[in-house]
Amino acid sequence: MITEKLIALAVLLAVTPSSAADKEKAVDNPAAELHAQYKIPQGWDVDKKAEGPDRRIRVTKSAHVLQILYFGGGPKSRYAGADDFLRGPEATSMGRPPEAWRAARVSGRRVSVYRHTYPLPSGDPHDVGGGPSPKARETFCVLPAAGKAFFVLSYAWEAPVPESADEGEKAWAALLASFKITK
C-alpha cells in the first residue's frame with residue numbers, strides 16, 4: 001500500500017511543471033500525453049477527450065474548429081492505420097474520397113493536405129426540409145507517428161454561411177507551424 005502511494009507521488013512529481021516556463025508550456029500543450037507540442041490560439045475554447053488509444057483535442061472559437069486527433073492504430077483504435085482513416089467517414093465527403101489539395105510541411109515532414117465536407121446538423125429535429133443540408137468545410141492533414149499511430153490536424157468552418165474572416169485559417173497555419181512530434 002505504501003509502495004503504491006510512493007509510486008503515485010513520484011509519477012505526480014514527474015509530470016508536474018516545476019518552473020514558470022514549464023507551467024506556461026503546459027498551458028500551451030494541454031495534452032502532453034499526445035507526445036506532441038503545439039500552440040493553441042489565445043481566447044479559444046479547448047475540449048479534450050480520450051477513447052482507448054485514441055485522443056482528441058478540439059479547439060473552438062465561434063464556428064471555427066481546430067482539431068488534433070491522435071489515433072493509436074491497431075485493434076483498439078477506431079482506425080488500424082492512416083489509410084483506413086482516409087477511407088473512413090471522418091475523411092470522406094458523403095462516401096467520396098477527400099480532395100487532395102496541396103502539400104505542407106509539418107513537424108519537419110512534407111504531408112498532403114486534403115479537403116472535404118460533411119453535413120451540419122440543422123438544429124431542429126422536426127425540420128424535414130426539402131433542400132440539401134448545409135455543409136461544413138474541413139481542411140486536414142495526416143501525420144504518421146510511431147508504429148501505426150498517426151495524427152490528424154484539421155481546421156473546419158462549421159456554419160452554413162461563408163466564412164467572414166480568415167482568423168481560422170491563420171490559426172490553423174500557426175498550429176501546423178508549431179506542431180512537433182516529441183516521441
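Rules used throughout
- Residues numbered from 1 in each chain as written.
- Predicted model: local features only at pLDDT ≥ 70, side-chain atom pairs only at ≥ 80, totals over all residues.
- Heavy atoms only, no water.
- Phe/Tyr/Trp six-rings, centres within 6.5 Å; stacked < 30°, edge-to-face > 60°.
- Helix = DSSP H or I, 4+ residues; strand = E, 2+ residues; numbered from the N terminus.
- Buried < 20%, exposed > 50% of the residue type's maximum accessible area, 1.4 Å probe, protein only.
- Contact = heavy atoms within 4.5 Å.
- Salt bridge = Lys/Arg side-chain N within 4 Å of Asp/Glu carboxyl O.
- Pairing = 2+ DSSP bridges.

Student: I'd love a proper account of the packing of aromatic side chains, names of residues and values included.
Tutor: Taken as a whole, this structure holds 10 aromatic pairs when the rule is applied. Judged by centre distance (5.7 Å) and plane angle (35 degrees), the ring pair of Phe71 and Phe85 falls under tilted. Here Phe85 lies in helix α3 (residues 82–87) and Phe71 lies in strand β4 (residues 64–71), a separation of 14 residues in the sequence. Taking the relative accessible area as the measure of exposure, Phe71 reaches 1% and is therefore buried.

Student: Just give me the short version of the environment of Ala136, but keep the residues and values in it.
Tutor: With respect to the secondary-structure elements, Ala136 resides in strand β7 (residues 135–144). What makes Ala136 buried here is its relative accessible area of 0%. Along the backbone, Ala136 and Thr117 are 19 residues apart, and their C-alpha atoms lie at a distance of 5.4 Å. Non-local contacts of Ala136, meaning those with residues more than four positions away in its chain, are made with His116, Thr117, Tyr118, Leu120, Trp157 and Glu158.

Student: Go over the pattern of salt bridges, please, and point to the residues and values.
Tutor: Enumeration according to the criterion identifies 10 salt bridges in this entry. Measuring nitrogen to oxygen at the nearest pair gives 3.4 Å for the salt bridge that ties Arg78 to Glu51. Highlighted residues: Arg78 in the loop between β4 and α3 and Glu51 in strand β2 (residues 45–51), separated in sequence by 27 residues. By relative accessible area, which is 45% here, Arg78 ends up partly exposed.

Student: An account of the pairing of β4 is requested, with residue identities and associated values reported.
Tutor: A large share of β4 lies buried, amounting to 8 of its 8 residues. Because side chains alternate across β4, one face comprises the buried residues His64, Leu66, Ile68 and Tyr70, and the other comprises Val65, Gln67, Leu69 and Phe71, equally buried. Alignment of strand β3 (residues 54–61) against β4, held across 7 bridges, turns out to be antiparallel. Its bridge partner being in β4, Arg56 is matched across the sheet by Leu69. Between β3 and β4, which pair antiparallel one after the other, the connecting turn spans 2 residues, and Ser62 there sits at a positive phi close to 60 degrees.

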